Amino acid sequence: MPHDHSDHDHAHSLLPPDPALRIKALETLLTQKGLIDPAALDVIIDTYENKIGPRNGAQVVARAWLDPEFKAALLNDATSVVAEMGFYGRQGEHMVAVENTDDLHNIVVCTLCSCYPWPLLGIPPGWYKSDAYRARVVREPRKVLADFDVVLPDETAVRVWDSTAEVRYLVIPQRPAGTDGLDEAALMDLVTRDSMIGTGLANTP
Ligand code: FE
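Residues numbered from 1 in each chain as written. Predicted model: local features only at pLDDT ≥ 70, side-chain atom pairs only at ≥ 80, totals over all residues. Heavy atoms only, no water.

## Focus on the overall build of the protein
No. 1: The number of helices and strands found in the protein is eleven helices and four strands.
No. 2: Taking 17 Å as the expected radius of gyration for a compact globule of 205 residues, we find that the protein reaches 18 Å, a close match to that expectation.
No. 3: With respect to the principal axes defined by its C-alpha atoms, the protein has extents near 55 × 35 × 30 Å.
No. 4: Counting all 205 residues of the protein, 39% fall into the buried class.
No. 5: When the accessible surface of the protein is summed, it comes to about 11,100 Å², and 55% of that surface belongs to carbon and sulfur atoms.
No. 6: Separation of charge centres in the protein, based on 18 positive and 30 negative side chains, amounts to 6 Å. (Helix = DSSP H or I, 4+ residues; strand = E, 2+ residues; numbered from the N terminus. Rg over C-alpha atoms; globule rule 2.2 N^0.38 Å. Buried < 20%, exposed > 50% of the residue type's maximum accessible area, 1.4 Å probe, protein only. Areas by Shrake-Rupley, 256 points an atom, 1.4 Å probe, with all protein chains shown as cover. Lys, Arg positive; Asp, Glu negative; His and termini not counted. Charge placed at Lys NZ, Arg CZ, Asp CG, Glu CD.)

Below is the structure:
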């Protein structure tokens, strides 16, 4: 897939090993120049880390498990469907949902940096941004899955989706067995962040 990183969100991929220090220096400089308000930054970070987290994505998945029409619409046009649920904003402008089945397991990466569906999953985990994950998941996805304690049947194909500045992916994990009577809230609790990246499976009740 083409990987167009035309925006400037991705300079962190070029940072030396101490990115936190550089970010702090940048924040200080921008604050001193009056270009940013640290309090506003704190609100944004808190929103993505704690209020959004992966809960929005979990609700989308739970609803897809419960409602075949919703799932069909989600697979057809995820951006519109999740926007109708109120999940839109920075780093989530163009969403694509991909469904795990017995035949196919999907995994998401950003090989160039750390593109990630913030409005659905919050802030990406550290490993998602690591050089090791980004390089290895393309070359040896089953070994990476094994590192996450996910072992798939040989007959299940693995497909790796490379996020871009334009397109972000949401994996719809398979609904676990033994969840027939559960409502949306109970199902949401089974949907882990990693299961929506494809490096995990949904929990069983
Ligand atoms: Fe990226």
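Having seen the model, we can carry on.
## Details of the domain arrangement of the protein
No. 1: When its domains are assigned, the protein resolves into domain 1 (19–49) and domain 2 (53–197).
No. 2: Each of domain 1 and domain 2 was reduced to a C-alpha centroid, and the two centroids are 29 Å apart. (Domains from an automatic or database assignment.)

## Considerations on unusual backbone geometry
No. 1: Phi at aspartate 149 is positive, roughly 65°, even though this residue is not glycine.
No. 2: Tracing the chain through its elements places aspartate 149 in the loop between α9 (141–147) and β3 (157–162).
No. 3: The exposed category is assigned to aspartate 149, whose relative accessible area is 71%.

## Describing the packing of aromatic side chains
No. 1: All chains considered together, the criterion is met by six aromatic pairs.
No. 2: Note on tryptophan 127 and tyrosine 128: the rings are 6.3 Å apart at their centroids and 65° apart in plane angle, and the pair reads as edge-to-face.
No. 3: Among the residues examined, tryptophan 127 registers a relative accessible area of 22% and is labelled partly exposed.
No. 4: When the ring of tyrosine 128 is compared with that of tyrosine 133, the centres are 5.9 Å apart and the planes differ by 35°; the resulting orientation is tilted. As far as the burial class goes, tyrosine 128 and tyrosine 133 line up, both buried.
No. 5: Linked through ring pairs, Tyr116, Trp127, Tyr128, Tyr133 and Phe148 together constitute an aromatic cluster.
No. 6: A cation sits over an aromatic face here: arginine 63 above phenylalanine 70, 6.0 Å from the ring centre.
No. 7: When the ring centre of tryptophan 161 is taken as reference, the NZ or CZ atom of arginine 159 above it lies at 3.9 Å. (Phe/Tyr/Trp six-rings, centres within 6.5 Å; stacked < 30°, edge-to-face > 60°. Lys NZ or Arg CZ within 6 Å of the ring centre and 35° of its normal.)

## Some words on helix α3 (residues 55–66)
No. 1: Given a rise of 1.5 Å per residue, twelve residues ought to cover 16 Å, and the 17 Å separating the end C-alpha atoms of α3 matches this to within 8%.
No. 2: Taken together, the buried positions of α3 are Asn56, Gly57, Ala58, Val60, Val61, Ala62, Ala64 and Trp65. (Expected span 1.5 Å × (residues − 1).)

## Details of the side chain of aspartate 162
No. 1: Topologically, aspartate 162 is positioned in strand β3.
No. 2: Nearest to the buried, unbridged aspartate 162 among oppositely charged side chains is arginine 134, at 8.1 Å.
No. 3: Among the polar contacts made by the side chain of aspartate 162, one reaches the side chain of threonine 111 at a distance of 2.5 Å. (Salt bridge = Lys/Arg side-chain N within 4 Å of Asp/Glu carboxyl O. Polar contact = N/O pair within 3.5 Å; in protein donor to acceptor, adjacent residues only side chain to side chain.)

## Remarks on the nonpolar core
No. 1: Judged by nonpolar contacts, the single largest core of 47 residues is most densely connected at Val60, Leu74, Leu120 and Tyr133.
No. 2: Sorting elements by how many residues they give to this core places α3 first, with six residues. (Core = buried A, V, L, I, M, F, W, Y, C linked by side-chain atoms within 4.5 Å.)

## Remarks on the pattern of salt bridges
No. 1: Enumeration over the complete set of coordinates arrives at nine salt bridges.
No. 2: Among the ionic pairs, glutamate 140 bridges to arginine 136, the shortest N-O distance being 2.7 Å.
No. 3: Classification of arginine 136 by relative accessible area gives partly exposed; the value is 24%.
No. 4: The partner of aspartate 147 in a salt bridge is arginine 136, with the nearest N and O atoms 2.9 Å apart. Residue aspartate 147 is found in helix α9, and its partner arginine 136 is found in helix α8 (residues 131–139); the two are separated by eleven residues along the sequence.
No. 5: We classify aspartate 147 as exposed; its relative accessible area is 53%.
No. 6: A network of salt bridges, in which partner residues are shared, links Arg136, Glu140, Lys143 and Asp147.

## Structural notes on the layout of surface pockets
No. 1: Its boundaries defined by the atoms lining it, the second largest pocket holds a volume of some 240 Å³.
No. 2: What lines the second largest pocket is a set of 18 residues, and nearest its centre among them are Thr101, His105, Leu152, Gln174 and Leu201.
No. 3: By residue class, the composition of the lining of the second largest pocket is nine nonpolar, seven polar and two charged. (1 Å grid on protein atoms, 1.4 Å probe; cavity = no way out; pocket = protein on both sides within 12 Å on 5 of 7 lines; lining within 4 Å. Points joined across faces, edges and corners; volume = space filled by probe spheres on them. Nonpolar A, V, L, I, M, F, W, Y, C, P; charged D, E, K, R; others polar.)

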